[in-house]
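Coordinate inspection notes
The residues making up each chain are set out below.
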Amino acid sequence: MSINPPIEPTGGAGAPVDPAESVENAIELKEVEGLSQGRIVLRRFLRHRGAMISSVVLVLIILLVTTSIGWGPIPGWWTYGYRDLDTIVNAGGAPTMGFKDGGFVFGQHPFGQDNIGHDGFAMVMRGTQQSLTVMFVIGLLSTVIGVIIGALAGYFRGWLDGLLMRLTDMFITIPVIMVGSILGVLVGGASPWSLAIALSLVSWMNMARLVRGQFLALREREFVDAARVAGASDFRIMFKHMLPNAVGVIIVNATLLMASAILLETALSYLGFGINSPEVSLGQLINEYQTAFATRPWLFWWPGLFIVIIALCVNFIGDGLRDAFDPRQRRIPTARALAKADRRKQRAEQRAAAKA
Amino acid sequence: MATSVTTRASGAPSAPDTTVTARTSWFRNIAPTLIFLARRLLSSAVVLLAATFVVYLLLAFALDPLEDLRTSTQLNKEALIEARTRQLDLDTPPVIRYFKWLGALLTGDMGTAFRSGQSVTSMLGNALPNTVQLVALSVVIAIGLGVLVGIVSALRQYTRFDYSVTFLSFVLYSLPSFWVAVLLKLWGAIGFNDFLADPSIPPLVMVIVTLVSGVIWSSIIGGSTRTRWISFAASAVATVAALFFLSETDWLLDPGLGIAGVAVIGVGIAFAVVALSAGVQNRRVLYASLVMVAIGTALYYPLQYAFVYGSWWLMLGLLVTVAIVGVVVAKLFGGWEVSQTARAAIITGIGVGALIFIDRVMQVWLNYTRASQINHRPIATIGSATPGLSGDFWVKNLDTFTHLLLPTIALILISFASYTRYSRASLLEVMNQDYIRTARAKGLPERVVTMRHAFRNALIPLATVIPLDIASLFGGAIITERVFAIPGMGTMFIKALNERDPDPIMGYFLVTGALLVIASIAVDFIYAALDPRIRVNS
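Residues numbered from 1 in each chain as written. Chains lettered and ligands numbered in written order. Predicted model: local features only at pLDDT ≥ 70, side-chain atom pairs only at ≥ 80, totals over all residues.

**Observations regarding the overall build of chain B**
Looking only at helices and strands, chain B has 21 helices and two strands in total. If one aligns the C-alpha atoms of chain B with their principal axes, the spans along those axes are about 85 × 75 × 50 Å. Per-residue burial over chain B gives 30% buried out of 538 residues. Contacts spanning at least 24 positions in sequence make up 74% of the contacts within chain B whose residues lie at least 6 apart. (Helix = DSSP H or I, 4+ residues; strand = E, 2+ residues; numbered from the N terminus. Buried ≥ 20, exposed ≤ 12 C-beta atoms within 10 Å, placed from the backbone. Contact = placed C-beta atoms within 7 Å.)

Here it is, written out as structure tokens:
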């Protein structure tokens, strides 16, 4: 994860440096001169347009679902709860949102109603809450499991590595959707938390393999030897010295894992092995209303749209993070960015001059 | 895996000892591979065995086969519970039951579904062919399409086309498969069937399709602004002409290529194959391919008679014939690159053969849609065959095709995106290698650099994902099979899980798990075979 060592554009005596490459390096280094690794990553991420838009959209969605119908202690501003029944406003429960009398109106039931008068908007909000909970819990928990197993295997090698990797191989052999369904039957689907914890136990394998690979490479580096000579314990070397160097891979993979987690949860709920009625989740809503597609398509559209948007945002954020953490990523900065770097350098020089 | 597959950096192969006979040196070369294979097989078998143990215990813990009886209101409830407990041996601890199950498995008995009384072996025998049929087709198309789009996207890096493909692949990644499948069912099947009642394309749709195709082609071909406009105009005109033809002649009601269509498209295939493989300047290869098209076209009418007795064996025979004829034609044209000529000729020949095959299937379309079981709604939404439909080889094929169409599209949409991303990244990586620069510096044409030097190497990492993907598709087609009610492996699993029936689930897992294990061993060997820097050894 270290950035390329500075190469002088003029080149050392007889050093076989590709001139074009060294110029590119110089341009890039000029822009990031004097910034910490974290700042460089952050700048690259902020520059990734897709990832930035996705982050904003995801935050907006999270704000919407938490405040609208309320979440735990947070009070909601929406009139209906997800189990409340209301008289059917439009014929068949069609959405009240739309253009009316020359203006855009939300109405009482913007996402429509089902055949007995449940509010579509409240149900989708509740479903998104559950699906997001499952997504974040799986992302966090299976990352922790994967990192611990991968770190132990990669750091200690030997029999422990063999044992843990065979364990990983064993879990990989079991199809996720199959074991997920069985676990869904086992935990009995009403609570997103138990489902998420159960699913995390079967989705850490990829992370463990990646972290192991990182640790196998990192443990040969000099700073690990230095730490050991200085008397650091194994635990300290692993989590204080090596883990921060593997953090890029971990974050990127955790993000992609979350994207597949929400698809897994919705798929299981769709099959009826995830979150079940009376609790709602996005997949469960689609399962419940797919037969009504011809008569009440809005009940099918909105949950699906929310799944797609959330998964898309998370995937884009993961892509942006991967680009940001990738040391090989070489993007020629714009003229504006170069000018900004120039100004920063000048200011630093002025400050230095003022101090002196 | 990292410990068992090592790169051969220094250890060059030992020079063949002149005193040893060829036989022993061959054995000495193959021995490490065999030992490696044996070790991999053994450790994989142990892993698989452990996995079956875990799954068996999980099933014993999670599923309660007595669930329906506990809530039942029947008078002899207790007796029923007792009977089933005895039948399923529920009083025995699960660990001991596992070893009983394993013992039976070793004798070839995979257990019985207690509800239907069917043996798991026969259930698998019924389910597997349906899944294989579904998966095989979709994997082939997804790989072909994904690699093609990925390669083009990499060659046109940072263009509008590239960005659009990237965005599209992200969207496809994020689509829930069940949602897509339901949408396909409603639009693809019901919408298209309604459309077939009066297949005239509205002008607005025509304009949109024309513009889209113009934009896509102009951005694929690229080049200067002038070239872009020319390719835009050409593709737009071609699209409009094709759509107009489809709409006006009601082609969709009674489709067919005819001998003229076979000839024209065949010549197009010949030019495309030659342009990609040897370059159109290579007249020898071009003429050989065109001769293949001519032969195929000449055989169009005679083949119609042979097709009366259509069967897959006949098709296989024709395929072999095409290969032989291709080699003969290549030999006749001679030259210093007979194998290249033969390859192009055979590929063209297979293309023309496929056209004639498609044409023959199209000929039964009209009668097929008119059949009482079909009733002018040919695209099916459920099942894998129309019940009660009788017909010859061609009708059966068409029937399978209309049933597989939508589930195959659903599966392709999901896996297409990852192949695109993968092949794009892989080709970009290869194009930055030194040997590509060398090839360009030698003065090789860009076609040779891309197709011979870059493309082949870019496929190596891809070849290592494909077996694993295929293996996991057997387990992963659960949702698609469920939406389209295809009686395959996934449906069998869901049914067993809903009935709380452990034995079929174990059978399902044995098949998918074993496939996955075999695929991962195959990956190691494919990698070693394709990349000379890597050798398997123990």
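**Details of the overall build of chain A**
For chain A, the count of helices and strands is 14 helices and two strands. Within chain A, buried positions represent 42% of all 356 residues. Counting contacts in chain A only where the partners sit at least 6 residues apart, residues at least 24 apart contribute 68% of the total.

**Remarks on the environment of Gly120 of chain A**
Position of Gly120 of chain A among the secondary structure elements: in helix α4 (residues 120-156). Residue Gly120 of chain A is classed as buried on the basis of its 26 C-beta neighbours within 10 Å.

**Side note on the interface of chain B and chain A**
Size of an interface, as often reported, equals the accessible area lost when the parts are brought together. Every contact between the two is made by 36 residues of chain B and, on the other side, 28 residues of chain A. Those elements that provide at least two residues to the side of chain B that touches chain A are α1 (22-62), α6 (160-174), α7 (177-197), α18 (446-476), α19 (478-484), α20 (489-498) and α21 (502-530) of chain B. For the side of chain B that touches chain A, the leading source of residues is α1 of chain B, giving ten residues. For the side of chain B that touches chain A, the class distribution of residues is 28 nonpolar, seven polar and one charged. (Nonpolar A, V, L, I, M, F, W, Y, C, P; charged D, E, K, R; others polar.)

**Some points on unusual backbone geometry**
All names here are of chain B. Despite not being glycine, Asp89 shows a phi value in the positive range, around 65°. Of note, Asp250 is a non-glycine position whose phi angle comes to about 55°, a positive value. Along the chain, Asp250 turns up in the loop between α9 (225-248) and α10 (258-277). Taking the C-beta count within 10 Å as the criterion, Asp250 has 13 such neighbours and is therefore assigned partly exposed.

**Quick notes on the packing of helix α11 (residues 247-271) of chain A against helix α13 (residues 298-325) of chain A**
Residue and element names in this part refer to chain A. Two elements in contact, α11 and α13, have axes separated by 9 Å at closest approach and are oriented at 165°. Considered as vectors, α11 and α13 are oriented roughly antiparallel to each other. As for how α11 packs across α13, the hand of that crossing is left-handed. Packed against α11, whose contacting residues are Gly248, Ile251, Val252, Thr255, Leu256, Met258, Ala259, Ile262, Leu263 and Thr266, the element α13 presents Ile307, Ile310, Ala311, Val314, Asn315, Ile317, Gly318, Leu321, Arg322 and Phe325 at the interface. (Axes fitted to C-alpha atoms, helices over the stretch in contact; angles between N-to-C directions. Parallel < 35°, antiparallel > 145°, perpendicular 65-115°, else oblique. Left-handed = near helix turned anticlockwise from the far one by under 90°.)

**A few points about the nonpolar core**
One finds Met258, Ile262 and Ala267 of chain A together with Phe178, Ala181 and Phe493 of chain B to be the most contacted residues of the largest nonpolar core, which totals 161 residues. The greatest single-element share of this core, amounting to 17 residues, is contributed by α13 of chain A. Other than its neighbours up to four places away in sequence, Phe178 of chain B contacts Ala267, Tyr270 and Ile286 of chain A together with Ile479 and Val483 of chain B. Among the nonpolar cores identified, the runner-up in size contains 24 residues, and Ala288, Tyr300, Ala342 and Val352 of chain B belong to it. (Core = buried A, V, L, I, M, F, W, Y, C linked by C-beta atoms within 7 Å.)

**Looking at the confidence of the model for chain B**
Interpreting fine coordinate detail is not advised for predicted regions of low pLDDT. Mean pLDDT over chain B stands at 85; residues scoring 70 or higher make up 94%. Segment residues 1-20 of chain B is flagged for pLDDT under 50; beyond a separation of four residues in sequence, or across chains, it makes 15 contacts in the model. (pLDDT = per-residue confidence, 0-100.)

**Here we look at α4 of chain A**
Residue and element names in this part refer to chain A. In this model, α4 (37 residues) spans 53 Å end to end at C-alpha, consistent with the 54 Å of a helix rising 1.5 Å per residue. Among the 37 residues in α4, 29 count as buried, and that is most of the element. One or two positions beyond α4, positive phi appears at Arg157, with a value near 50°. (Expected span 1.5 Å × (residues − 1).)

**Quick look at the environment of Leu141 of chain A**
Residue and element names in this part refer to chain A. Here Leu141 lies in helix α4. Expressed as a C-alpha distance, the spacing of Leu141 and Lys240, which sit 99 residues apart in the sequence, is 20 Å. Residues in contact with Leu141, not counting those within four places in the same chain, are Ile197 and Ser200.

**Thoughts on the environment of Gly443 of chain B**
Secondary-structure assignment places Gly443 of chain B in the loop between α17 (434-441) and α18. In this structure, the C-alpha to C-alpha distance between Gly443 of chain B and Lys77 of chain B, residues 366 residues apart in sequence, is 85 Å.

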